[in-house]
Amino acid sequence: MDNRSEVREFLVSRRAKISPEQAGLPAGPNRRVPGLRRSEVASLAGVSIEYYSKLERGSLAGVSPGVLNAIARALQLDDAERAHLLDLARAADGSSALMRPRRRTARQWSPRPSLQWALDAVTQGPAFVRNGRMDLLAANRLARAFYVEVYADPQRPANLARFTFLDEKAHRFYPDWDVAADICVAILRTEAGRDPHDKDLHDLVGELSTCSDEFRKRWGAHNVRHHGTGAKYFRHHMVGDLTLAYEGLEMVAEPGLTLTIFTAEPGSPSEDALRLLASWAASQEADAGAQTARVE
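For clarity, every value in this text was computed on a predicted model and none was experimentally measured.

Visitor: Explain the pattern of salt bridges here, please?
Guide: Oppositely charged side chains can form a pair if their charged atoms are brought close together. Overall, the coordinates contain 22 salt bridges when judged by the stated rule. Residue Arg133 pairs with Asp135 through a salt bridge whose shortest N-O separation is 3.3 Å. For Arg133, a relative accessible area of 6% translates into the label buried. Between Glu149 and Arg172 there is a salt bridge, with the nearest N and O atoms lying 2.4 Å from each other.

This is the structure we're talking about:
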């Protein structure tokens, strides 16, 4: 991905989101651009209009942390957006590849036995490991049953972004599909800033951009996010509606990977649905084992 165009489009998109009123400035007449003018961002950040214009054209190489933080304050960036700006600056300096531990491709990575044991020890909810490309790399029994339609795609590794945008079943699985799609693309955008030379990510973005207008529109918005905790609503084809809380934990031993655990509120209908899903998953495994035994 071209760093200069990424920087330019990100800064322009953030500037367009801030109104003069939000920045504490008079709106004034004859505004021809959405959001703030370049001159207003420069003034708020305490830099010259010429210097800010150079930055917005994509020239972040060599910019000091102080200036980057001033730009982030002027544009009212949230934590995820601020981190993304710093990632883009490191990429412009050529330092991102040196500072970040090398990440294996999904095709090369396999979970350590102890990691799989830890996932399997989680029996009350889906638990899985994904990377920033949304590849499902390891999972417990409940996660495999929960995402059974994602795993139905023969392409490996199974990928949540590909499922979201290229599989019609995703619109049933995610009743709030627009929200799920926004989150998915924001995670991919964040990963693109962290690791701009990831060929697998380039290939995935190219595939989704070619095949999905909805993805292409969202990708152009340059939204990013940190996806650590919250709640999501699902409609599973076997057990119906579920409202699940999730916790995403960055794995220190595996840079770039996230362990996610879904749980249901105790005593809720969603907890009953997870128990039913666990029973269904166990029966599916038993049937598969019986078929294997007959073949042998």
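Visitor: Can you help me understand helix H7 (residues 113-121) in this one?
Guide: Residues spaced three or four apart along an α-helix point in a common direction, a consequence of the helix completing one turn every 3.6 residues. Among the residues of H7, Leu115, Gln116 and Leu119 are the ones counted as buried. Projected onto a plane normal to the axis of H7, the buried residues spread over an arc of 95° and lie on a single side. Seen from the buried face of H7, the exposed residues on the opposite side, beyond 90 degrees, are Pro113, Trp117 and Ala121. Elements in contact with the buried residues of H7: strand S1 (127-131), strand S2 (136-139), helix H8 (141-146) and strand S5 (257-263).

Visitor: What's the story with the nonpolar core in this structure? I'm lost.
Guide: Soluble globular proteins tend to bury their nonpolar side chains together. Judged by nonpolar contacts, the single largest core of 45 residues is most densely connected at Phe146, Tyr147, Tyr174 and Leu188. Setting aside chain neighbours within four positions, we find Leu188 in contact with Gly132, Arg133, Met134, Ala161, Leu201, Leu204, Leu208, Phe215 and Trp219. Of all hydrophobic cores here, the second largest spans 25 residues; its members include Leu60, Val63, Leu85 and Leu88.

Visitor: Before we go on, may I ask you to explain the packing of aromatic side chains in this structure?
Guide: A ring pair, where both rings are aromatic, is described by two values, the distance of the centres and the angle of the planes. Per the stated rule, a full pass over the model turns up 17 aromatic pairs. Ring centres of Phe173 and Tyr174 lie 5.0 Å apart, and the angle between their planes is 75°; this geometry places the pair in the edge-to-face category. A residue is classified by how much of its surface remains accessible, and Phe173, at 2% relative accessible area, is buried. The class of Tyr174 is buried, set by a relative accessible area of 9%. Taken together, a centroid distance of 6.2 Å and an interplanar angle of 75° make the contact between Tyr246 and Phe262 edge-to-face. Of this pair, Tyr246 sits in strand S4 (residues 240-250) while Phe262 sits in strand S5, and the two are 16 residues apart along the sequence. Phe262 matches Tyr246 in its accessibility class, with the two residues each being buried. An aromatic cluster is present here, built from Phe128, Phe146, Tyr147, Phe163, Phe173, Tyr174, Phe234, Tyr246 and Phe262 joined pairwise through their rings. Positioned above the aromatic ring of Tyr246, the side-chain terminus of Lys232 is 5.2 Å from the ring centre.

Visitor: Is there a simple way to explain the environment of Glu149 in this structure?
Guide: Locating Glu149 in the fold gives a position in helix H9 (residues 148-151). A relative accessible area of 11% means that Glu149 is categorised as buried. Counting along the chain gives 30 residues from Glu149 to Leu119, while the straight-line C-alpha distance between them is 20 Å. Not counting residues within four places of it along the chain, the set of residues in contact with Glu149 comprises Phe163, Asp167, Lys169, Arg172, Phe173 and His237. A distance of 2.4 Å separates polar atoms of two side chains, one belonging to Glu149 and the other to Arg172.

Visitor: Which parts of the structure should I look at to understand the environment of Ala139?
Guide: Relative to the elements of secondary structure, Ala139 occurs in strand S2. Residues Ala139 and Ile261, spaced 122 residues apart in sequence, show a C-alpha to C-alpha distance of 10.0 Å. Residues contacting Ala139, with those up to four places away along its chain left out, are Gln116, Leu119, Asp120, Ala127, Phe128, Arg144 and Tyr151.

Visitor: How should the side chain of Gln116 be read in this particular structure?
Guide: Inspection of the secondary structure puts Gln116 in helix H7. Not counting chain neighbours up to four residues away, the residues in contact with Gln116 comprise Pro111, Ala138, Ala139 and Arg144.

Visitor: Looking at this structure, I do not really get the sheet that holds S5. What am I missing?
Guide: Within a sheet, adjacent strands bond to each other through the backbone by hydrogen bonds, running parallel or antiparallel. Pairing is antiparallel across the open sheet formed by five strands, whose spatial order is S2-S1-S5-S4-S3. The open sheet has two free edges, formed respectively by S2 and strand S3 (229-236), since each of these has just one partner strand. Sheet twist, expressed as the average angle between the axes of neighbouring strands with direction ignored, equals 30°. Sheet topology places S1 next to S5; five bridges connect them, and they run antiparallel.

Rules used in this analysis
- Residues numbered from 1 in each chain as written.
- Predicted model: local features only at pLDDT ≥ 70, side-chain atom pairs only at ≥ 80, totals over all residues.
- Heavy atoms only, no water.
- Salt bridge = Lys/Arg side-chain N within 4 Å of Asp/Glu carboxyl O.
- Buried < 20%, exposed > 50% of the residue type's maximum accessible area, 1.4 Å probe, protein only.
- Helix = DSSP H or I, 4+ residues; strand = E, 2+ residues; numbered from the N terminus.
- Arc of directions from axis to C-beta.
- Contact = heavy atoms within 4.5 Å.
- Core = buried A, V, L, I, M, F, W, Y, C linked by side-chain atoms within 4.5 Å.
- Phe/Tyr/Trp six-rings, centres within 6.5 Å; stacked < 30°, edge-to-face > 60°.
- Lys NZ or Arg CZ within 6 Å of the ring centre and 35° of its normal.
- Polar contact = N/O pair within 3.5 Å; in protein donor to acceptor, adjacent residues only side chain to side chain.
- Pairing = 2+ DSSP bridges.
- Axes fitted to C-alpha atoms, helices over the stretch in contact; angles between N-to-C directions.

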